[in-house]
Amino acid sequence: MTQEEKRDNVQQEAMEETAFELTEPTKVESKPSVHVPSYDIHYAGFWMRFWAYLIDLIVIGSLKWLFIHPTFRFFDLPIDNDMFSLYWFSTGIVFFSYFIFMTKFFGQTIGKMIFGLKVISLKSDKLTWDTVLFREFIGRYISSTVNVLYLFVAFLPKKQGIHDIFSDTTVVHEKTVLLHKPAV
């Protein structure tokens, strides 16, 4: 039997099955038009998130050396190692802006993109500005101030850091997010 004959047989059986369901009025069942397989979400663990974060730090460092450092040199501004200097304030703006805008618009930073990770909200389908600002600004500030808080990711069931817990988010492997989207 050729491939074309097999396909025709399958189509014929499907048509007969549909015709049978329509002619039998006592057994009308509503079936979904598209069957979407159900998969468990695979949360991103500590080490995957750690490597993604290191790549993000390399990206942020590159942005600092490409834009901030030359600007300060050009305008002959002091490049101090003092934490409260204009130079470190500018670097902080780049740091937080990178995480806020990348997470809001893409759901992931460049480091997360490389490792196939994505930030998702546990409360809604999309990340809202409130959620992203709280997660990436306030939550990340708290986590980076007390570095040991990042270790929560290794021990919590949904692999959440403190900043994830505060904002009701988590980081998952992107392929599991794609499998949960309904087919069109």
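Our structure is the block above this text.
Cut-offs used in this document
Residues numbered from 1 in each chain as written. Predicted model: local features only at pLDDT ≥ 70, side-chain atom pairs only at ≥ 80, totals over all residues. Heavy atoms only, no water. Helix = DSSP H or I, 4+ residues; strand = E, 2+ residues; numbered from the N terminus. Buried < 20%, exposed > 50% of the residue type's maximum accessible area, 1.4 Å probe, protein only. Contact = heavy atoms within 4.5 Å. Areas by Shrake-Rupley, 256 points an atom, 1.4 Å probe, with all protein chains shown as cover. Patch = residues over 30% accessible without salt bridge, like charges linked within 9 Å, V, L, I, M, F, W, Y side chains within 5 Å. Salt bridge = Lys/Arg side-chain N within 4 Å of Asp/Glu carboxyl O. Pairing = 2+ DSSP bridges. Phe/Tyr/Trp six-rings, centres within 6.5 Å; stacked < 30°, edge-to-face > 60°. Core = buried A, V, L, I, M, F, W, Y, C linked by side-chain atoms within 4.5 Å. Axes fitted to C-alpha atoms, helices over the stretch in contact; angles between N-to-C directions. Parallel < 35°, antiparallel > 145°, perpendicular 65-115°, else oblique. Left-handed = near helix turned anticlockwise from the far one by under 90°. Nonpolar A, V, L, I, M, F, W, Y, C, P; charged D, E, K, R; others polar. Polar contact = N/O pair within 3.5 Å; in protein donor to acceptor, adjacent residues only side chain to side chain.

Caption draft 1: Structural detail: the overall build of the protein. A count of helical and extended segments in the protein gives 8 helices and 2 strands. Taken from N to C terminus, the helices and strands of the protein fall in the order α-α-α-α-β-α-α-α-β-α. When the 184 residues of the protein are sorted by exposure, 30% land in the buried category. Considering only intrachain contacts with a sequence separation of at least 6, the fraction spanning at least 24 residues in the protein is 68%. Surface accessibility of the protein: about 12800 Å² in total, with carbon and sulfur atoms responsible for 66%.

Caption draft 2: Fine view of a nonpolar patch on the surface. On the surface, Phe101, Phe105, Phe106, Ile110, Met113, Ile114, Trp129 and Leu133 cluster together to form a nonpolar patch covering roughly 780 Å² of accessible area. In this fold, Phe106 is placed in helix α3 (residues 86-106). On the basis of relative accessible area, Phe106 is assigned to the partly exposed category, the value being 46%.

Caption draft 3: Fine view of the pairing of strand β1 (residues 117-121). Most of β1 is tucked away, with 5 of its 5 residues classed as buried. Residues Leu117, Val119 and Ser121 line one face of β1 and the alternating positions Lys118 and Ile120 line the opposite face, and both faces are buried. Looking at chain direction, β1 and strand β2 (residues 169-173) are connected through 5 bridges and run antiparallel. Opposite Ser121, over in β2, you have Thr169 as the bridge partner.

Caption draft 4: Seen up close, the packing of aromatic side chains. Tallied over the entire structure, the rule returns 18 aromatic pairs. Ring centres 5.8 Å apart and planes at 40° place the aromatic pair Tyr53 and Tyr150 in the tilted group. A residue pair is termed long-range when its members are at least 10 positions apart, and Tyr53 in helix α2 (residues 46-74) and Tyr150 in the loop between α5 (129-145) and α6 (152-155) qualify at 97 residues. Judged by relative accessible area, Tyr150 falls into the buried class, the value being 18%. Ring geometry for Tyr98 and Phe99: centres 5.2 Å apart, planes at 80°, overall edge-to-face. Neither Tyr98 nor Phe99 differs from the other in exposure class; each is buried.

Caption draft 5: Representation of the nonpolar core within the structure. Counting 15 residues, the largest nonpolar core has Ile60, Phe95, Tyr98, Phe99, Leu117 and Val171 as the members making the most contacts within it. Sorting the residues of this core by element identifies α2, α3 and β1 as the ones contributing at least two each. Setting aside its immediate chain neighbours within four residues, Leu117 contacts Ala44, Met48, Arg49, Ala52, Gln108, Lys112, Val171, Val172, His173 and Glu174.

Caption draft 6: Spatial organisation of the packing of α3 against α5. Put simply, α3 and α5 touch, their axes get as near as 9 Å, and they point 150° apart. Taken together, the axes of α3 and α5 are roughly antiparallel relative to one another. Classified by chirality, the crossing of α5 by α3 is right-handed. Here Phe95, Phe96, Phe99, Ile100, Phe101, Thr103, Lys104 and Phe105 of α3 come into contact with α5, specifically with Trp129, Val132, Leu133, Glu136, Phe137, Arg140 and Tyr141. Broken down by class, the residue content of the contact of α3 with α5 amounts to 11 nonpolar, 1 polar and 3 charged.

Caption draft 7: Region of the structure containing the side chain of Ser90. Tracing the chain through its elements places Ser90 in helix α3. Within the structure, the side chain of Ser90 is placed 2.9 Å from the backbone oxygen of Leu86, a separation counted as a polar contact. Aside from chain neighbours lying at most four places away, what touches Ser90 is Ile68 and Phe72.

Caption draft 8: Region of the structure containing unusual backbone geometry. Here Asp76, not a glycine, exhibits a phi torsion of approximately 55°, which is positive. In this structure, Asp76 sits in the loop between α2 and α3. Assessed through its relative accessible area of 69%, Asp76 is described here as exposed.

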